[in-house]
2 protein chains.
Amino acid sequence: MAKNIITIGREYGSGGYEIGQKIAEEMGYTFYDKELISDLADKIMVSPSFVEKNDENVKEQHLNIFQEIFPIFASNENEDVDYIFREQGKFIVQLAEKGNCVFVGRRADYYLKDNPDALHLFLYADMDFRIRRIADKYNLSDEKAVEKILDMDKRRRTSYEYTTGRKWGDFHNYDRMICTSTFGIDKCVEEIIGLLK
Amino acid sequence: MAKNIITIGREYGSGGYEIGQKIAEEMGYTFYDKELISDLADKIMVSPSFVEKNDENVKEQHLNIFQEIFPIFASNENEDVDYIFREQGKFIVQLAEKGNCVFVGRRADYYLKDNPDALHLFLYADMDFRIRRIADKYNLSDEKAVEKILDMDKRRRTSYEYTTGRKWGDFHNYDRMICTSTFGIDKCVEEIIGLLK
């Protein structure tokens, strides 16, 4: 019953990254996010910036940009993105074998769906809460923060649904879905750690 | 921040009713479910069985049956169901004014969406867990239990979506969505009570 692998899917601005970090810190777990990308990037011999850029841009979006800039690469680009996603998945499964870790994003809930030690979380929040966080963090107007939030959610949703064939934010894929704005970030950390004990 | 009104939406067989009862018992809160229907039924002068029957059968379904049996009443029936739903909503808002209560089902999350003291929960579970519960409770084969589960979920979804215009199980409408099969019913009760303190 004890779960020692946490996956966190999240709406942009809901505090999922911060919550993941704090859980990892308090539990002494390894926190996987950008490191995962870098490690993976080394493994598949492409630059981290390339992997990172592709991660939240799905095939069609990316293909469109690519076709505009480098028409000659269009057909290969498609396969590259699929290849990166597949490699990321294998990598996440390997990392999870060690246990005691937190994954933020990267569709980890999907790759680890059959791992009985994994607790799958999805974090979201009221729009006002998200606007406040993003506007403050990036020094944006509320209007620009909304634009950024909607754009990032769209990228995450599209990337998730393209890769997994599942619906982003469908409760059936998670053990807990938590609105972080109801009681705030710190209470969420406490609540999630309570589930692990 | 303290929440003393709990609304519980739930998948059939997930244990939402039992969890609601246990929370009410442990917190000394009033538990609203069938009583609510009876009280309401008195209020609007129709028999409890009529209200109950209509509650998880939406307009079209009901209208079809009614048109078959009593073609002359078909046009009124439509309005009757809408009327009952509206009255139920008003009644739930009134009951919630007293605080310290748990509502199971009846679209209470929707009617109380603007009440700052309400904590909105949606409970669900793995299919195997739900089959076990329903098969045992009603002495059904697994196959018949699945049929019953799918049918009841469909009724709840349709009734909810018809009345509220919202999607059943959409995370934006809830503070917490909890898979009851991950750690079991009693752990859920504990977890939810933890949120109230």
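Quick summary incoming for the structure in this document. (Residues numbered from 1 in each chain as written. Chains lettered and ligands numbered in written order. Predicted model: local features only at pLDDT ≥ 70, side-chain atom pairs only at ≥ 80, totals over all residues. Heavy atoms only, no water.)

1. A look at the packing of aromatic side chains
Thought 1: Tallied over the full model, the rule gives 16 aromatic pairs over all chains.
Thought 2: Here the aromatic rings of Tyr-110 of chain A and Tyr-111 of chain A are separated by 5.5 Å at their centres, their planes lie at 65°, and the arrangement is edge-to-face.
Thought 3: Geometrically, the ring pair formed by Phe-171 of chain A and Phe-122 of chain B is tilted, given 5.0 Å between the ring centres and 55° between the ring planes. On the criterion of chain membership, the pair formed by Phe-171 of chain A in the loop between helix H8 (142-164) and strand E5 (176-179) and Phe-122 of chain B in strand E4 (residues 118-124) is interchain, its members lying in two chains. When sorted by exposure, Phe-171 of chain A lands in the same class as Phe-122 of chain B, which is buried.
Thought 4: Every member of this aromatic cluster is reached through a ring pair, and the members are Phe-122, Tyr-124, Trp-168 and Tyr-174 of chain A together with Phe-171 of chain B.
Thought 5: Over the ring of Tyr-110 of chain A we find Lys-113 of chain A, and its NZ or CZ is 4.6 Å from the ring centre. (Phe/Tyr/Trp six-rings, centres within 6.5 Å; stacked < 30°, edge-to-face > 60°. Helix = DSSP H or I, 4+ residues; strand = E, 2+ residues; numbered from the N terminus. Buried < 20%, exposed > 50% of the residue type's maximum accessible area, 1.4 Å probe, protein only. Lys NZ or Arg CZ within 6 Å of the ring centre and 35° of its normal.)

2. Section: the relation of the copies chain A and chain B
Thought 1: Each copy of the sequence occupies a distinct position, and chain A is placed on chain B by a rotation of 180° and an axial shift of 0.0 Å, giving an RMSD of 0.0 Å. The operation mapping one copy onto its partner corresponds to a two-fold rotation axis. Proximity to the rotation axis, assessed at the C-alpha, singles out Met-177 of chain A in chain A; its C-alpha lies 2.4 Å from the axis.
Thought 2: Most of the interface of chain A is mirrored in chain B, where 100% of its interface residues are also at the interface. (Least-squares fit on C-alpha atoms with pLDDT ≥ 70 in both. Contact = heavy atoms within 4.5 Å.)

3. Brief notes about the side chain of Arg-130 of chain A
Residues and elements named next belong to chain A.
Thought 1: With respect to the secondary-structure elements, Arg-130 resides in helix H7 (residues 127-138).
Thought 2: Within polar-contact distance, the side chain of Arg-130 engages the side chain of Asp-153 at 2.4 Å.
Thought 3: Aside from chain neighbours lying at most four places away, what touches Arg-130 is Glu-11, Tyr-12, Gly-13, Ser-14, Ala-125, Ile-149 and Asp-153. (Polar contact = N/O pair within 3.5 Å; in protein donor to acceptor, adjacent residues only side chain to side chain.)

4. What to know about the pattern of salt bridges
Thought 1: Under the counting rule described, the total for this entry stands at 26 salt bridges over all chains.
Thought 2: The salt bridge involving Asp-33 of chain B is made with Arg-106 of chain B; its shortest N-O contact spans 3.1 Å. With Asp-33 of chain B in the loop between strand E2 (30-32) and helix H2 (34-44) and Arg-106 of chain B in the loop between strand E3 (101-104) and helix H6 (108-111), the pair connects residues that are 73 residues apart, well separated along the chain.
Thought 3: A relative accessible area of 2% means that Asp-33 of chain B is categorised as buried.
Thought 4: One connected set of salt bridges, linked through shared partners, spans Glu-18, Lys-22, Arg-133 and Asp-186 of chain A. (Salt bridge = Lys/Arg side-chain N within 4 Å of Asp/Glu carboxyl O.)

5. Examining the interface of chain A and chain B
Thought 1: Contacts between the two partners involve 20 residues from chain A, matched on the other side by 20 residues from chain B.
Thought 2: With both chains or domains summed, chain A and chain B bury close to 2000 Å², and 57% of this area falls on carbon and sulfur atoms.
Thought 3: Its largest share of buried area at the contact with chain B, chain A owes to Phe-171, Arg-176 and Phe-183 of chain A, together 35% of the area lost on that side.
Thought 4: Counting every contact that joins chain A to chain B gives two salt bridges.
Thought 5: Our count for the contact surface shared by chain A and chain B stands at 15 residue pairs in polar contact (both at pLDDT 80 or more).
Thought 6: When residues of the side of chain A that touches chain B are traced back to their parent elements, those giving at least two are strand E4 (118-124), E5, helix H9 (180-183) and helix H10 (185-196) of chain A.
Thought 7: For the side of chain A that touches chain B, the leading source of residues is E5 of chain A, giving four residues.
Thought 8: The residue makeup of the side of chain A that touches chain B, split by class, is 12 nonpolar, three polar and five charged. (Buried area = accessible area lost by both parts, 1.4 Å probe. Nonpolar A, V, L, I, M, F, W, Y, C, P; charged D, E, K, R; others polar.)

6. Digging into the sheet that holds strand E5 (residues 176-179) of chain B
Thought 1: Overall, mixed pairing links the 10 strands, which are arranged E2(A)-E3(A)-E1(A)-E4(A)-E5(A)-E5(B)-E4(B)-E1(B)-E3(B)-E2(B) in an open sheet. Only two strands of the sheet have a single partner each, and these edge strands are strand E2 (30-32) of chain A together with E2 of chain B. Direction aside, neighbouring strands of the sheet carry axes that sit 20° apart on average.
Thought 2: Alignment of strand E1 (residues 5-10) of chain B against E3 of chain B, held across four bridges, turns out to be parallel. Looking across to E3 of chain B, one finds that Ile-8 of chain B is bridged to Val-104 of chain B. (Pairing = 2+ DSSP bridges. Axes fitted to C-alpha atoms, helices over the stretch in contact; angles between N-to-C directions.)

Remember, this is a structural readout, not a statement about activity or role.
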